[in-house]
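# Notes for the structure review
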Amino acid sequence: MSVPFLSLARQTQSLKAEALKALEAVIDSQGFANGPAVQAFEQDFAEYLGVRHVVGVNSGTSALHASLICAGVKPDDEVITVSHTWISTAWAISYCGARPVFIDVEDRTAGMDPSQIERRITSRTRAIVVVHLYGHPADLDPILEIANRHNLPVIEDAAQSIGARYKGKATGTFGLVNATSFYPGKNLGAWGDAGAVMTNDDAIAARVRLLRDHAQASRHHHVELGFNWRMDGFQGAILSIKLKQLDQWNTRRRAIAAKYRSAFSNLRNLRFLAENSWAEPSWHIFPVFCSARDELRRLLELRGVSTGIHYPTPIHLQPAYQWLGVPRGELPHTERMAAEEISLPMFAELSDQEVDDVIAAVVAASNELG
Ligand SMILES: *Cc1c(COP(=O)(O)O)cnc(C)c1O
């Protein structure tokens, strides 16, 4: 018995014929950089999310960088965010010359703890970046309320939460300007790198369209510091095909998550995230938490179940961010999650048998740990 942590092969195989046709159309139209396939995907995706504008770019990291520029983040500003996330959330802040100010996460969402925000707001604070980690939405309403009261823009990092909803509305549409990633392993993954900015603000959307193509207002006329953030035409074509199945795939992920939760509810040495009443998570990752994480991981590996860790080292403890001087112990929930998290196999193409195999392995390993 062996269950992979993630297999893209099953999905790519089933999409291959339709995808090859779409890629051929891109080749025939020469729409390799941005172009008609990207434009078509932007429209499809905006409609899907219920947002005015989607602007495709070359990665989620670029999408975050663009979002922060458009939110007005400048050198020496402070941006409040979390340390329990993928490093790109912090990179984007640093690319603007600003300083990430990390606050702790809450156990029930693994997302930003709204009660920690206000005491970290200073005269230099310029924005708040919320991450919907694992695909479970952060508790947006209290965060937006605090941000509005202090006149601060909110930016959502929705890289893991595409298709997830908060109180019935798609994540990635709440902030002033928001980012997502179509890295191949994401819930809506391209066949290469890609990302997108989502916003209801016409001026911001227009600015991202400029920035991504060298800030050219017209040919050879560069109106500000620009970037090469164009999305490949091939990726636009693949994403339009895959978008049609996103809800179906996320529904399958939620069914697997429900099975995991009900099977693990009596295991005393294992914790996991519930679905909060206001949340429809996309379960990009299904995390469980165990104080004997490394031992649990070893026991699962012995039983043929591959797992991951997201993420073993919080950003404030990474070598690249030692200069911030945030000491170990400063963010207790974050540090505990980093020490205890283990990601179980979670993707739409997992068979019922594989899900049962994972459950049996986890239950046996948990009992062995005692
Ligand atoms: C994947 C991811 C990103 C970055 O996306 P790329 O497309 O790899 O640049 C940013 N934030 C989070 C939370 C992610 O999971």
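Residues numbered from 1 in each chain as written. Predicted model: local features only at pLDDT ≥ 70, side-chain atom pairs only at ≥ 80, totals over all residues. Heavy atoms only, no water.

## Things to note about the pattern of salt bridges
The tally for this structure, following the rule as stated, stands at 23 salt bridges. Across the salt bridge formed by Glu 118 and Arg 149, the nearest N and O atoms sit 2.6 Å from each other. Of this pair, Glu 118 sits in the loop between strand S3 (99-103) and strand S4 (125-131) while Arg 149 sits in helix H5 (residues 140-149); the two residues are 31 residues apart in sequence, bridging distant segments of the chain. The salt bridge partner of Asp 213 is Arg 230, with a shortest N-O separation of 2.9 Å. Placement of the pair is Asp 213 in the loop between helix H6 (202-211) and strand S10 (216-218) and Arg 230 in the loop between strand S11 (221-222) and helix H7 (233-243), with a sequence separation of 17 residues. Sharing partners across several salt bridges, the network here consists of Arg 254, Arg 261, Glu 275 and Glu 280. (Salt bridge = Lys/Arg side-chain N within 4 Å of Asp/Glu carboxyl O. Helix = DSSP H or I, 4+ residues; strand = E, 2+ residues; numbered from the N terminus.)

## Some points on the domain arrangement of the protein
Per the domain assignment, the segments making up the protein are domain 1 (8-243) and domain 2 (246-369). Here the C-alpha centroids of domain 1 and domain 2 sit 24 Å apart. On the side of domain 2, 41 residues touch domain 1, which itself brings 45 residues to the contact. Across the domain 1/domain 2 interface, buried area totals approximately 3,800 Å², and carbon plus sulfur atoms make up 58% of it. (Domains from an automatic or database assignment. Contact = heavy atoms within 4.5 Å. Buried area = accessible area lost by both parts, 1.4 Å probe.)

## Let's talk about the packing of aromatic side chains
For the structure shown, the criterion picks out 15 aromatic pairs. Taking 5.9 Å as the distance between ring centres and 75° as the angle between the ring planes, the aromatic pair formed by Phe 32 and Phe 234 counts as edge-to-face. Highlighted residues: Phe 32 in the loop between helix H1 (9-29) and helix H2 (35-49) and Phe 234 in helix H7, separated in sequence by 202 residues. On the basis of relative accessible area, Phe 32 is assigned to the partly exposed category, the value being 37%. For Phe 234, a relative accessible area of 31% translates into the label partly exposed. (Phe/Tyr/Trp six-rings, centres within 6.5 Å; stacked < 30°, edge-to-face > 60°. Buried < 20%, exposed > 50% of the residue type's maximum accessible area, 1.4 Å probe, protein only.)

## A closer look at the sheet that holds strand S6 (residues 165-166)
The strand order across the open sheet formed by three strands is S7-S6-S13, and the pairing between neighbours is antiparallel. A single partner strand is all that each edge strand has here, and the edge strands are strand S7 (169-170) and strand S13 (279-280). Sheet topology places S6 next to S7; two bridges connect them, and they run antiparallel. The residue bridging Arg 165 from the neighbouring strand is Ala 170, located in S7. (Pairing = 2+ DSSP bridges.)

## Digging into the site of the ligand
If you check the shell around the ligand, you find 13 residues, and the closest are Gly 60, Thr 61, Asp 157, Ser 181 and Lys 186. For the ligand, an oxygen atom lies 2.8 Å from a polar atom in the backbone of Gly 60. In this structure, Lys 186 approaches the ligand through a side-chain N or O atom, which is 3.2 Å from an oxygen atom. For the ligand, whose unbound accessible area comes to 380 Å², protein coverage reaches 92%. For the shell around the ligand, the element with the most residues is helix H3 (residues 60-70), which contributes three residues. (Near = heavy atom within 4 Å. Polar contact = N/O pair within 3.5 Å; in protein donor to acceptor, adjacent residues only side chain to side chain. Areas by Shrake-Rupley, 256 points an atom, 1.4 Å probe, with all protein chains shown as cover.)

## Some remarks on the environment of Glu 156
The topology assignment puts Glu 156 in strand S5 (residues 154-157). Under the relative-accessibility criterion, Glu 156 is labelled buried at 0%. For Glu 156 and Ile 128, which are 28 residues apart along the polypeptide, the C-alpha to C-alpha distance reads 8.5 Å. Apart from the residues lying within four places of it in its own chain, the contact partners of Glu 156 are Val 130, His 132, Leu 140, Thr 171, Gly 172, Thr 173, Phe 174, Gly 175, Val 177, Asn 178 and Ala 179.

## Observations concerning the nonpolar core
If you look at the biggest cluster of nonpolar residues, it comprises 57 residues, and the most contacted ones within it are Met 112, Ile 117, Ile 128, Tyr 260, Phe 264, Leu 300 and Leu 344. Mapping this core onto the domain boundaries places at least three of its residues in each of domain 1 (8-243) and domain 2 (246-369). Grouped together as the second largest cluster of nonpolar side chains are 27 residues, Ala 92, Cys 96, Val 129 and Ala 205 included. (Core = buried A, V, L, I, M, F, W, Y, C linked by side-chain atoms within 4.5 Å.)

## A few points about the side chain of Glu 341
Positionally, Glu 341 belongs in strand S15 (residues 341-344). As a buried residue without a salt bridge, Glu 341 has its nearest oppositely charged side chain in Arg 293, at a separation of 5.2 Å. At 2.7 Å, the side chain of Glu 341 forms a polar contact with the side chain of Ser 343. In this structure Glu 341 touches Tyr 134, Ile 285, Pro 287, Val 288, Phe 289, Arg 293, Gly 308, Ile 309 and His 310, once residues within four positions along its chain are discounted. (Lys, Arg positive; Asp, Glu negative; His and termini not counted.)

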